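Here is how the chains run, residue by residue.
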Amino acid sequence: MKDEALYQLFKLHEIDEQLITIKNRAEHLDLGKREKAAIKKVQADYAEDLSHYKELQTQLNTERIRADQAAEKIKKFNAQLYDGSVTASKEINNLTKEIQMLEEIGMDAELKIEQLEAENQSLSKRVSKINAKIEELESQSEAKRKQAEIDHVELKQAFAETGAKRSEREAAVRADILKIYNNARKLTGSTGLALITLQHRCQACGIDTPEKTREFVRDGKIQQCESCRRILFYREEAIES
Ligand SMILES: [Zn+2]
């Protein structure tokens, strides 16, 4: 077979191509980063709503505590007034005044609660929509991250399996050809062989290949692409072999 040497190189090139494909896939796994960025955008876009909502909850809580405390004290003082434990008129007066003051505080707190709740009602609808969107994005991102983890394990295994075949293939390639191939690999960052297309172009870089070059390639001679320096090869030669 006139192109046996080139064919051995083609077989090595196929392995390298597979390894590159696996590596590329591993590097471009979808980790759900786009969704994470979308969450940040939603949080930034609605930052005012979200912080206002939080503030409202704090205010509501404070007013509720104020109202409860006032009510509790009123209850206690009223009990003291009517259970006969307080009899001196001065003390009765003081307690009555205290109760009046507490009633004012309680009333004030209740009014504030009413206002805050009205505001909270419309805002909480908005905020729950925003939070639902964030949760949806979070679960999408998490699902992608998990899938990427699974894919990564598979790719790692595929890389190891394919890589295990490489040294055997490399050993079958003639040393002088291997040297040119490796130089082209370094130069291109991919493999060191390129097929010639039906349109007589280098499939890797797209440049035209001269007729003479193609003839040499058909004769099994080592010819490099003028542009990318890859060793040129005809796939049909590979299929025939
Ligand atoms: Zn080329």
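Conventions used here
The written sequence of each chain sets the order in which its residues are numbered from 1. A pLDDT threshold of at least 70 governs which residues receive local features in this predicted model, and a stricter bar of 80 or more applies before side-chain atom pairs are shown or counted, although totals over entire chains, interfaces and linings include all residues. Axis lines are fitted through C-alpha atoms, for helices just across the contact stretch, and the angle between N-to-C directions can take any value from 0 to 180 degrees. Going along the chain from the N terminus, every DSSP run of H or I of four or more residues is numbered as a helix, and every run of E of two or more is numbered as a strand. For classification purposes, angles smaller than 35 degrees are called roughly parallel, those larger than 145 roughly antiparallel, those between 65 and 115 roughly perpendicular, and all remaining angles oblique. Here is the rule for handedness: rotate from the far helix to the near one, and if that takes an anticlockwise turn smaller than a right angle the crossing is left-handed, while a clockwise turn gives right-handed. Once C-beta atoms are placed from the backbone, any two residues with those atoms within 7 Å are in contact. Any residue that is not Ala, Val, Leu, Ile, Met, Phe, Trp, Tyr, Cys, Pro, Asp, Glu, Lys or Arg is counted as polar, Gly included; the first ten are nonpolar and the last four charged. Joined through C-beta atoms within 7 Å, a set of buried Ala, Val, Leu, Ile, Met, Phe, Trp, Tyr and Cys residues constitutes a nonpolar core. The exposure label follows from counting other C-beta atoms within 10 Å of a residue's C-beta, where the C-beta atoms are placed from the backbone and the thresholds are 20 or more for buried and 12 or fewer for exposed, leaving partly exposed in between.

S.K.: Residues and numbers for the packing of helix 1 (residues 4-27) against helix 4 (residues 89-171), please.
M.R.: In the contact formed by helix 1 and helix 4, the axes pass within 9 Å of each other and the chain directions differ by 160°. Here helix 1 is positioned roughly antiparallel relative to helix 4, judged by the angle of their axes. Crossing angle aside, the handedness with which helix 1 passes helix 4 is left-handed. On the side of helix 1, the interface is formed by K11, L12, I15, Q18, L19, I22, K23, R25 and A26, while helix 4 contributes H152, L155, A158, F159, T162, G163, K165, R166, R169 and E170. Among the residues making up the contact of helix 1 with helix 4, the classes are represented as eight nonpolar, four polar and seven charged.

S.K.: Would you mind going over the nonpolar core in detail, with residue names and values included?
M.R.: In this structure, L9, L193, A194, C202, I231, L232 and F233 are the most contacted members of the largest nonpolar core, which totals 17 residues. If you list the elements that add at least two residues to this core, you get helix 1, helix 5 (175-188), strand 1 (193-195) and strand 2 (231-233). If you tally residues by element for this core, the top one is helix 1, at four residues.

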